[in-house]
Amino acid sequence: SVLDIGCGSGILSVASSKLGAKEVFATDIDPLAVEATLDNAELNKISNINAVEGSLLDKVDKKYDVVIANILLNVLDILIPDLPKALEKDGIFICSGLINSQRDNIVNILEKNNLEIVEISEKGEWISVISRFKNV
């Protein structure tokens, strides 16, 4: 199961479904983003994506195996402390949309919130970070 926070166009939701996610729950504060996510799911003939308007985790009422967020660092700083509400104990958190100069900041935020770095990927000046709860 995958939770896509700040789903935007739904590209990560669609990719998650195509890569085998059984269930995808997507949220965004922008109703047009929710509409775009549902439209893109339909265009890709995907029926297991549920997208709703909401801020961060306010519409989330269960835990997911994977949580993905392609959002700004200042928003991640607010989101990450609340991850235990949405991420299974042995789940994976993937954040992206970060520039390389933010690497130390995001690593510090994750580690401060009991998450360990699994992998940091870099493409040009952009990074993505895969993490999970420590002591799994």
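Our structure's up above, just so we're on the same page.
Residues numbered from 1 in each chain as written. Predicted model: local features only at pLDDT ≥ 70, side-chain atom pairs only at ≥ 80, totals over all residues. Heavy atoms only, no water.

Relative to the helices and strands, Ile29 is located in the loop between strand S2 (24-28) and helix H2 (31-43). Counting along the chain gives 13 residues from Ile29 to Glu42, while the straight-line C-alpha distance between them is 21 Å. Discounting chain neighbours no more than four positions away, the residues touching Ile29 are Glu53, Gly54 and Ser55. (Helix = DSSP H or I, 4+ residues; strand = E, 2+ residues; numbered from the N terminus. Contact = heavy atoms within 4.5 Å.)

Both strand S1 (residues 2-5) and strand S4 (residues 64-70) contribute to a ladder of four bridges, which runs parallel. When the bridges of S4 are listed, Val2 appears paired with Val66. Relative to strand S5 (residues 87-99), S4 runs parallel, the two being bridged by six bridges. Across the sheet, Ile68 pairs through a bridge with Ile94, a residue of S5. Handedness of the S4-helix H3 (residues 73-79)-S5 crossover: right-handed. (Pairing = 2+ DSSP bridges. Right-handed = clockwise from strand over helix to strand, strands pointing away.)

As far as function goes, none of this settles anything; it's purely spatial.
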